[in-house]
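What follows is each chain in one-letter form.
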Amino acid sequence: MEKQSLFSDEIVKLLPDGQFRYFPSFYAPQKATHLFESLLENIAWQQDPITLFGKTYLQPRLTALYAINDRPYSYSGIQMHPHPMTPLLKDIQQQIESVCATTFTSVLLNLYRDGQDSNGWHADDEKELGINPVIASLSLGAERFFHLKHHRLKEERHKLLLEHGSLLIMEGAMQHHWKHQIAKTKRPMASRINLTFRKIV
């Protein structure tokens, strides 16, 4: 179910056990391209090993963690220690907070180099994020499909194309009842940077 928003280009999607808000043009194309190029060049990207079902391999994407404090963030057996928030990241954070009823402490960045880079089914439900966390996700670069599925309601599956310069905000109890992913694709695909702002408590 979708409802009207006070923002002309905002889409509000009401779901069982949660909701998301989507701004297709949070940044204009020229500004989004400038941000993409700056982050691609200046972020301290890393590729961590991850162990699943007893096998260890490199994550199929590059990541980086920045924060206003020194609190680490752990997921899938990986513990990341943050770099100090840069002026550019602080500016992006403030602009995103202007449309969120929350403040953030950290941003986890993902660099998808091509269509073979991905992020499998997961929820942002780590204990450091608290109950019902708000996750704000900014997309820059190549468009990729964002998949959602409900834990119990098998018919509740959704797909959203994340556009260059768009902002997705997941709210309510979504992280407790839904999983999401960026799947691999065989289609030729340029690079994409995703910034996921969160509050580590």
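Residues numbered from 1 in each chain as written. Predicted model: local features only at pLDDT ≥ 70, side-chain atom pairs only at ≥ 80, totals over all residues. Heavy atoms only, no water.

**Quick word on the packing of aromatic side chains**
- Taken as a whole and assessed by the stated rule, the structure comprises four aromatic pairs.
- When the centroid spacing of 6.1 Å and the interplanar angle of 70 degrees are considered together, the rings of phenylalanine 23 and phenylalanine 26 count as edge-to-face. We note that phenylalanine 23, like phenylalanine 26, is buried.
- Among the aromatic residues, those joined into a ring-pair cluster are Phe23, Phe26 and Tyr27. (Phe/Tyr/Trp six-rings, centres within 6.5 Å; stacked < 30°, edge-to-face > 60°. Buried < 20%, exposed > 50% of the residue type's maximum accessible area, 1.4 Å probe, protein only.)

**Description of the side chain of arginine 198**
- Mapping arginine 198 onto the fold places it in strand 17 (residues 192–198).
- A polar contact of 2.6 Å, which involves the side chain of arginine 198, links it to the side chain of threonine 196.
- With sequence-adjacent residues up to four places away left out, arginine 198 is seen in contact with Tyr73, Phe104, Thr105, Ser106, Leu108, Asp124, Leu129, Val134 and Ile135. (Helix = DSSP H or I, 4+ residues; strand = E, 2+ residues; numbered from the N terminus. Polar contact = N/O pair within 3.5 Å; in protein donor to acceptor, adjacent residues only side chain to side chain. Contact = heavy atoms within 4.5 Å.)

**What about the environment of leucine 109?**
- Its location among the elements puts leucine 109 in strand 10 (residues 106–112).
- The class for leucine 109 is buried, based on a relative accessible area of 0%.
- For the pair leucine 109 and alanine 44, spaced 65 residues apart in sequence, the C-alpha to C-alpha distance is 9.9 Å.
- For leucine 109, the residues in contact, after removing those within four places along its chain, are Leu39, Ile43, Trp45, Leu62, Thr63, Ala64, Tyr66, Leu89, Asn194 and Leu195.

**Details of the confidence of the model for the protein**
- Taken as a whole, the protein shows an average pLDDT of 93; of its residues, 96% reach a score of 70 or greater.
- Throughout residues 2–7 the model reports pLDDT below 50, and contacts reaching past four residues in sequence, or to other chains, amount to nine contacts. (pLDDT = per-residue confidence, 0-100.)

**Considerations on the sheet that holds strand 11 (residues 119–122)**
- Reading across from one edge, 11-16-13-14 is the order of the four strands in this open sheet, with antiparallel pairing throughout. The sheet terminates laterally at strand 11 and strand 14 (157–162), the two strands that pair on one side only. Direction aside, neighbouring strands of the sheet carry axes that sit 15 degrees apart on average.
- Alignment of strand 13 (residues 144–150) against strand 14, held across six bridges, turns out to be antiparallel. Bridge pairing in strand 14 places leucine 148 opposite histidine 158. (Pairing = 2+ DSSP bridges. Axes fitted to C-alpha atoms, helices over the stretch in contact; angles between N-to-C directions.)

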